[in-house]
Amino acid sequence: MGTEGKRKGRETLRQLAERWNLNVTHSLQMRLALGYSLLIAVLLVLMNTYPLIMSQNLMFRSQQTALANQAVLITNTLTTADELTTETVEQAINQLEELDVARVVITDQAGLVLYDTGKVSSMGKYVLTREIADALRGNNAFSGRYQDGMFSSRAASPVMNRNQVVGAVCLYEQDRDQGALLQELQRNLRLISVVVCLAVLALFGIFSNFFSRRVRTLLGGIRTVRAGEYTHRISMRGNDELTQLAEEFNQLTGRLQTTEEERRRFVSDASHELKTPLASIRLLTDSILQDETIDRETTREFVGDIGEAADRLIHISQELLELNRLDEGRAIRREAVDLNEQVEKVQRLLAPLAETACVNLQTHLGDKCMVLCNAEDASQILRNLIENAIKYNLPGGEVEVTTCHQGDWISLTVADTGMGIPEEDLSRIFERFYRVDKARSRSAGGTGLGLSIVRDAVRHHGGQISVQPRQEAGVIFEVLLPAWREEDGR
């Protein structure tokens, strides 16, 4: 009994142990470490690039605006000149206040330098940089570069006269102060990145240790239970998934413990049940073999007793096989069964037993009580309940079998006027080999398996069974089986 459940439980625990071994713990830690490292790396790259890029763009836009304003001021001044020459350009520039740029280059419409404030003068030379070329085509141009802690910018604008391009103005700017600010920002971001990285690593270490400790607790519990210690339970605080897993594990081990206890009790009870008839057979055969003076009549009596013991062994074996069939949970055939017809068959079968026990067996059958079951199991349920009601009744007592409809169910009740069942035993009568009165049960030929077979058969067909004492005397067993409907078509 419970062998299949125990085997499945052991298999489940073995699989859990194999999947959650120490290597898996390390694997989880490694995966978490890699995942966190990748996340931190991405965050650090973003932290050290995006702000710098945005700061550079902001500074370039600021320089572009400043150079564009100064270029407009110069070109407006040059527009008043009739012709761009070195003299007219110098006169126009001298009229302006000091320009806040590193270098000013002014060319004519051919790109010849007319004015240059650079250290290395390009006066009298042709200069066609990209910015000046764009300006000579009538467009404003700007370019910027950040290198070695310095912002270098160039802006060019065309000089217009009567809607004609007569020259170009190109301004150069170099800003180390802004570059120093950007470098300081970069250093601060690196420092923050290091602090964040260390803090995250510390938090990861704490979390990883906490997580791995809980996993090791689960692993230890699995190994302990796998070794056969089904009383072991895991104590884990919290409301996370691992805590839920520990609770599921405790419920699983609880079921395994119950199954193991039932198995041991089953083996003990089965051995005891088989031992009694076997001992009787052994004793009787020894008596026949060792007593040479035994007469024929005594021998026949002993052989008859041996036959009764053998019948009891056969009866026990049949019930054990029936329980094994129900325990295996194989697919059960379900069909339309006339419960009233099965009641009448069992009544005819047990009529001699009822007559011998001086018990009045009565039936009250409802109309068309068709159940979704099979004839063998229906007969087994009826035979066990009615036979028990007769055997454990009192001389002159009664057994009433009733069938009726209850919604989607068919109700079967078996009521007797026997000795009844004590209140403390009602919750245990469906346990295997359990007897209320062991001495009387054995004298009546009972094994303590009948009600277990009834309960398992009823449950396998989706039904329910209950028992309660009668007000006068005896007990009432009620079985609810699914009613067969034509649309079931089974």
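Residues numbered from 1 in each chain as written. Predicted model: local features only at pLDDT ≥ 70, side-chain atom pairs only at ≥ 80, totals over all residues. Heavy atoms only, no water.

> Help me understand the packing of helix 8 (residues 339-356) against helix 9 (residues 375-391), please; the structure alone is not making it clear to me.
Any two packed helices are characterised by the angle at which their axes cross and by the distance between the axes. Contact geometry of helix 8 with helix 9 gives a least axis separation of 9 Å together with a crossing angle of 40°. Crossing angle aside, the handedness with which helix 8 passes helix 9 is right-handed. On the side of helix 8, the interface is formed by Leu339, Gln342, Val343, Val346, Leu349, Leu350, Leu353 and Ala354, while helix 9 contributes Ala375, Ala378, Ser379, Leu382, Arg383, Ile386, Glu387, Ile390 and Lys391. Taken together, the residues of the contact of helix 8 with helix 9 break down into twelve nonpolar, two polar and three charged. (Axes fitted to C-alpha atoms, helices over the stretch in contact; angles between N-to-C directions. Helix = DSSP H or I, 4+ residues; strand = E, 2+ residues; numbered from the N terminus. Left-handed = near helix turned anticlockwise from the far one by under 90°. Contact = heavy atoms within 4.5 Å. Nonpolar A, V, L, I, M, F, W, Y, C, P; charged D, E, K, R; others polar.)

> What exactly am I supposed to notice about the pattern of salt bridges here?
Pairing between side chains becomes possible if they bear opposite charge and their charged atoms approach one another. Under the defined criterion, the tally for this structure stands at ten salt bridges. Put simply, Asp116 and Arg103 hold a salt bridge, and the shortest N to O gap is 2.8 Å. In this pair, Asp116 is assigned in strand 2 (residues 113-116) and Arg103 in strand 1 (residues 103-108), connecting sequence segments 13 residues apart. Classification of Asp116 by relative accessible area gives buried; the value is 10%. On the basis of relative accessibility, which here comes to 24%, the residue Arg103 falls in the partly exposed class. One salt-bridge network, in which partners are shared between bridges, spans Arg130, Glu131, Asp134, Arg137 and Arg154. (Salt bridge = Lys/Arg side-chain N within 4 Å of Asp/Glu carboxyl O. Buried < 20%, exposed > 50% of the residue type's maximum accessible area, 1.4 Å probe, protein only.)

> Just to check I follow, could you spell out the sheet that holds strand 9 (residues 398-406) for this structure?
Two pairing modes exist for strands in a sheet, parallel and antiparallel, and in both the strands are linked by backbone hydrogen bonds. The mixed open sheet is built from five strands, whose spatial order is 7-9-10-12-11. Both edges of this open sheet fall to strand 7 (360-364) and strand 11 (464-469), since each of them pairs with a single strand only. Averaged over all pairs of adjacent strands, the angle between their axes in this sheet comes to 15°, without regard to strand direction. In the sheet, strand 11 pairs with strand 12 (residues 475-482) via six bridges, with the strands oriented antiparallel. Residue pairing in the sheet places Pro469 in a bridge with Val475 of strand 12. Sheet strands in contact with helix 9 are strand 7, strand 9, strand 10 (409-416) and strand 12, and its direction is about 20° off that of strand 10. (Pairing = 2+ DSSP bridges.)

> What exactly am I supposed to notice about the nonpolar core here?
With 38 residues, the main nonpolar core has Leu385, Ile386, Val399, Val401, Phe477 and Val479 as its most contacted residues. Of all the secondary-structure elements, those providing two or more residues to this core are helix 8, strand 8 (370-373), helix 9, strand 9, strand 10, helix 11 (450-460), strand 11 and strand 12. Those residues in contact with Ile386, other than ones at most four positions away along the chain, are Val346, Leu350, Leu361, Val401 and Val414. Listed in part, the 19 residues of the second largest apolar core include Ile93, Leu96, Leu114 and Leu171. (Core = buried A, V, L, I, M, F, W, Y, C linked by side-chain atoms within 4.5 Å.)

> Sorry, what's going on with the pairing of strand 5 (residues 164-175) here?
As a general feature of sheets, a regular strand has side chains that alternate between the two faces. Here strand 5 lies mainly inside the structure; nine of its twelve residues are buried. In this structure, strand 1 lies alongside strand 5, joined through six bridges in antiparallel fashion. Counted as the bridge partner of Ile106 is Val169 from strand 5. For strand 4 (residues 150-161) and strand 5, the ladder comprises eleven bridges, and the chain directions are antiparallel. Across the sheet, residue Asn161 finds its bridge partner in strand 5, namely Gln164. Linking two consecutive strands that pair antiparallel, namely strand 4 and strand 5, is a turn of two residues; a positive phi of about 55° is found at Arg162 within it.

> Just checking my understanding: could you explain helix 8 for this structure?
Structurally, the α-helix is built with 3.6 residues per turn, so residues lying three or four positions apart point the same way. Over its 18 residues, helix 8 runs 26 Å from end to end, which matches the ideal 26 Å to within 8%, given 1.5 Å per residue. At Leu350, helix 8 shows its maximal kink, close to 50°; a proline, Pro352, follows between one and four residues later. Listed in full, the buried residues belonging to helix 8 are Leu339, Asn340, Gln342, Val343, Val346, Leu350 and Ala354. Check the buried side of helix 8 and you find it contacts strand 6 (335-338), strand 7, strand 8, helix 9, strand 9 and strand 10. (Expected span 1.5 Å × (residues − 1). Bend = angle between axes of the 7 residues up to and from the residue.)

> Explain helix 9 to me, please; I cannot follow it from the model alone.
The end-to-end C-alpha distance of helix 9, which contains 17 residues, comes to 24 Å, matching closely the 24 Å that a straight helix rising 1.5 Å per residue would cover. Residues of helix 9 that are buried: Asp377, Ala378, Ser379, Gln380, Ile381, Leu382, Asn384, Leu385, Ile386, Ala389 and Ile390.

> Can you help me understand the packing of aromatic side chains in this one?
How two aromatic rings sit relative to each other is given by the distance of their centres and the angle of their planes. Enumeration according to the criterion identifies two aromatic pairs in this entry. Consider the rings of Tyr146 and Phe151, whose centres lie 4.7 Å apart with planes at 45°: the pair is tilted. By relative accessible area, which is 22% here, Tyr146 ends up partly exposed. Cation over ring: Arg103 sits above Tyr172, and NZ or CZ is 5.0 Å from the ring centre. (Phe/Tyr/Trp six-rings, centres within 6.5 Å; stacked < 30°, edge-to-face > 60°. Lys NZ or Arg CZ within 6 Å of the ring centre and 35° of its normal.)

> Any chance you could explain the sheet that holds strand 3 (residues 141-147) here in plain terms?
Spatial strand order, 2-1-5-4-3: five strands in an open sheet with antiparallel pairing. Either end of the sheet is taken by a strand with one partner, and the two such strands are strand 2 and strand 3. With strand direction ignored, the average angle separating the axes of adjacent strands in the sheet is 15°. As paired strands, strand 1 and strand 2 are joined by three bridges and run antiparallel to one another.

> Looking at this model, I keep getting lost on the environment of Thr77. Mind explaining?
With respect to the helices and strands, Thr77 occurs in helix 2 (residues 22-78). Taking the C-alpha atoms as reference points, Thr77 and Gln91, 14 residues apart in sequence, are found 9.8 Å from one another. Contacts of Thr77, omitting those with residues within four sequence positions, involve Ala92, Gln95 and Leu96. A distance of 3.0 Å separates a polar atom in the side chain of Thr77 from the backbone oxygen of Leu73. (Polar contact = N/O pair within 3.5 Å; in protein donor to acceptor, adjacent residues only side chain to side chain.)

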